[in-house]
Amino acid sequence: MECIEAYPYRDYPAFPNRQNAITAAVLIPILAESEWTVFLTQRSTSLRDHAGEICFPGGKREHNETLLESAQREANEELGIQNPHILGRISSVPLYTSDSRFICFCK
C-alpha cells in the first residue's frame, strides 16, 4: 500500500478543445485481505451522462463539500462504505465525453 501513499499527484491538462472544468471525485475501494479486491459499480442506463458505464463510486460535489468528502459520501451512498482509510490521491483524469475531470482517492 505504500506505493499508493507515495504516488506523486499530477493534474493532467484538459483535452484539446475541452476545458474539463466540471470536477467530480471517485473512491477506488480496495479490500486487501488474502487476495486484493477492487469494487466497481455500473451506472444506471437511464442517466443522461455516462449511462451504463462501469465505474468507481463517486460523483460531483454537493454544496461546500471538498472533493474527498464528495468521494466518501458517494462511496457510502453507492456501496455502504463508511469511514474509509484513505491511502492517497491519484492524479486527476480528464474525460473527453462529458468535459469532466475526476479526482481519485484510494481506500
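Residues numbered from 1 in each chain as written. Predicted model: local features only at pLDDT ≥ 70, side-chain atom pairs only at ≥ 80, totals over all residues. Heavy atoms only, no water.

Caption draft 1: Structural context of the overall build of the protein chain. A tally of helices and strands in the protein chain yields two helices and eight strands. Beginning at the N terminus, the succession of helices and strands in the protein chain can be written as α-β-β-β-β-β-β-α-β-β. The buried share of the protein chain, reckoned over its 107 residues, is 36%. Long-range pairs, those at least 24 residues apart, make up 57% of the contacts in the protein chain between residues at least 6 apart in sequence. Of the accessible surface of the protein chain, which amounts to about 7,000 Å², a share of 51% is contributed by carbon and sulfur atoms. (Helix = DSSP H or I, 4+ residues; strand = E, 2+ residues; numbered from the N terminus. Buried < 20%, exposed > 50% of the residue type's maximum accessible area, 1.4 Å probe, protein only. Contact = heavy atoms within 4.5 Å. Areas by Shrake-Rupley, 256 points an atom, 1.4 Å probe, with all protein chains shown as cover.)

Caption draft 2: The arrangement of the environment of E65 in detail. Topologically, E65 is positioned in the loop between β6 (58-60) and α2 (67-79). In this structure E65 comes out as buried when scored by relative accessible area, which is 15%. When neighbours within four sequence positions are excluded, E65 is seen to be in contact with K60, S70 and R73. Among the polar contacts listed, one links the side chain of E65 to the backbone nitrogen of E62, at a separation of 2.9 Å. At 2.6 Å, the side chain of E65 forms a polar contact with the side chain of R73. (Polar contact = N/O pair within 3.5 Å; in protein donor to acceptor, adjacent residues only side chain to side chain.)

Caption draft 3: Broad picture of unusual backbone geometry. Phi angles above zero are rare outside glycine, and N17 is one such case at about 65 degrees. On the secondary structure map, N17 appears in the loop between α1 (2-5) and β1 (22-28). One non-glycine residue, H63, lies in the positive phi region at around 50 degrees. Take H63: it is sitting in the loop between β6 and α2. Accessibility expressed as a relative area gives 79% for H63, which makes it exposed.

Caption draft 4: Broad picture of the pattern of salt bridges. The tally for this structure, following the rule as stated, stands at four salt bridges. Across the pair E65 and R73 runs a salt bridge whose closest N-O atoms are separated by 2.6 Å. The buried category is assigned to R73, whose relative accessible area is 15%. Within the structure, one salt-bridge network assembled from shared partners comprises E62, E65, R73, E74 and E77. (Salt bridge = Lys/Arg side-chain N within 4 Å of Asp/Glu carboxyl O.)

Caption draft 5: Here's a closer look at the packing of aromatic side chains. Enumeration over the complete set of coordinates arrives at zero aromatic pairs. Over the ring of Y9 we find R89, and its NZ or CZ is 3.8 Å from the ring centre. (Phe/Tyr/Trp six-rings, centres within 6.5 Å; stacked < 30°, edge-to-face > 60°. Lys NZ or Arg CZ within 6 Å of the ring centre and 35° of its normal.)

Caption draft 6: Representation of a nonpolar patch on the surface within the structure. Together, L31, F39 and L79 make up a nonpolar patch on the protein surface, roughly 220 Å² of accessible area in all. Summarising the element assignment, F39 is placed in the loop between β3 (36-38) and β4 (41-42). Under the relative-accessibility criterion, F39 is labelled partly exposed at 35%. (Patch = residues over 30% accessible without salt bridge, like charges linked within 9 Å, V, L, I, M, F, W, Y side chains within 5 Å.)

Caption draft 7: Fine view of the nonpolar core. Of all hydrophobic cores here, the largest spans six residues; its members are A25, L27, L67, A71, A75 and I81. Only β1 and α2 provide two or more residues apiece to this core. Broken down by element, the residue count for this core peaks at three residues, all from α2. In this view, A75 contacts L27, P57, G80 and I81; residues no more than four positions away in its chain are not counted. (Core = buried A, V, L, I, M, F, W, Y, C linked by side-chain atoms within 4.5 Å.)

This is a description of form; function is not addressed.
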